[in-house]
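Spelled out, the chains give:
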Amino acid sequence: MRVDGKAFRQAREEIRKNARQTRGKRGEPAKGTQEWLANVATIRTCDGELMPLSVRTVQYLERGSASIQTIDAVSPHLGLNGRSLILDYGQDAITVDAPGIIDLRPEA
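Anyway, here's the lowdown on the structure attached to this text. Values in this document were obtained by computation on a predicted structure and should not be read as measured data. (Residues numbered from 1 in each chain as written. Predicted model: local features only at pLDDT ≥ 70, side-chain atom pairs only at ≥ 80, totals over all residues. Heavy atoms only, no water.)

### Notes on the side chain of Thr70
So, step 1. Mapping Thr70 onto the fold places it in helix H4 (residues 68-78).
So, step 2. Taking the relative accessible area as the measure of exposure, Thr70 reaches 6% and is therefore buried.
So, step 3. The contact partners of Thr70, leaving out residues within four places of it in the chain, are Leu53 and Thr57. (Helix = DSSP H or I, 4+ residues; strand = E, 2+ residues; numbered from the N terminus. Buried < 20%, exposed > 50% of the residue type's maximum accessible area, 1.4 Å probe, protein only. Contact = heavy atoms within 4.5 Å.)

### Here we look at the nonpolar core
One recurring pattern in soluble globular proteins is that nonpolar side chains are buried together.
So, step 1. Within the largest apolar cluster, 19 residues are counted, with the highest numbers of intra-cluster contacts made by Val3, Phe8, Leu37, Leu61, Ile71, Val74 and Leu78.
So, step 2. Those elements that place two or more of their residues in this core are helix H1 (5-18), helix H2 (34-40), helix H3 (55-63) and H4.
So, step 3. Residue contacts for Val74: discarding those within four places in its chain leaves Phe8, Leu37, Ala41, Leu53 and Leu61. (Core = buried A, V, L, I, M, F, W, Y, C linked by side-chain atoms within 4.5 Å.)

### Focus: the packing of H1 against H4
So, step 1. Viewed as axis vectors pointing N to C, H1 and H4 meet at an angle of 40 degrees, and their least axial separation amounts to 10 Å. H4 is crossed by H1, and the crossing has left-handed handedness. For the pair H1 and H4, the contacting residues are Phe8, Ala11, Arg12 and Ile15 in the first and Ile71, Val74, Ser75, His77 and Leu78 in the second.
So, step 2. Tallied by class, residues from the contact of H1 with H4 come to six nonpolar, two polar and one charged. (Axes fitted to C-alpha atoms, helices over the stretch in contact; angles between N-to-C directions. Left-handed = near helix turned anticlockwise from the far one by under 90°. Nonpolar A, V, L, I, M, F, W, Y, C, P; charged D, E, K, R; others polar.)

### Notes on H4
An α-helix turns once per 3.6 residues; consequently, residues spaced three or four apart project the same way.
So, step 1. For H4, the full list of buried residues reads Thr70, Ile71, Ala73, Val74, Ser75 and Leu78.
So, step 2. Just past H4, the residue Gly79 takes up positive phi, approximately 70 degrees.

### Quick notes on H1
So, step 1. Taking 1.5 Å as the rise per residue, H1 with 14 residues should run 20 Å; its terminal C-alpha atoms sit 20 Å apart, in good agreement.
So, step 2. The set of residues buried in H1 consists of Gly5, Ala7, Phe8, Ala11, Arg12 and Ile15. (Expected span 1.5 Å × (residues − 1).)

### Brief notes about the side chain of Ser75
So, step 1. Summarising the element assignment, Ser75 is placed in helix H4.
So, step 2. From its side chain, Ser75 meets the backbone nitrogen of Gly82 in a polar contact 3.3 Å long. (Polar contact = N/O pair within 3.5 Å; in protein donor to acceptor, adjacent residues only side chain to side chain.)

### Things to note about the pattern of salt bridges
So, step 1. If you walk through the whole model with that rule in mind, you get six salt bridges.
So, step 2. A salt bridge links Glu13 to Arg9; the shortest N-O distance between them is 4.0 Å. A residue pair is termed a helical-turn pair when its members lie 3 or 4 positions apart in one helix, as Glu13 and Arg9 do in helix H1 at four residues.
So, step 3. The partly exposed category is assigned to Arg9, whose relative accessible area is 30%.
So, step 4. Across the pair Asp103 and Arg105 runs a salt bridge, and its minimum N-O distance is 2.9 Å.
So, step 5. Owing to a relative accessible area of 64%, Arg105 belongs among the exposed residues under this scheme. (Salt bridge = Lys/Arg side-chain N within 4 Å of Asp/Glu carboxyl O.)

So this is what it looks like as structure tokens:
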């Protein structure tokens, strides 16, 4: 689904700006980087196991494409209400099939 990727990127960059400016180490990325966000945000797999996001997933999010699981995983770490930044809820994947007549008049 499409999201406001610019808002997610700005929130992450704000954290980076306010954090202590370090380069980070292998396995410990600097706070506010895409790697840091990918490591701290986790999603639950089909098996019930928690897995960190990939950096590629964070990049897609910042470009404006993400799943609801990604949005829910990233939002608390950025201090955002991520669901309010969704621009569409996968409208292309939703189809309406009405085999009969739909009557939308009030009962009275």
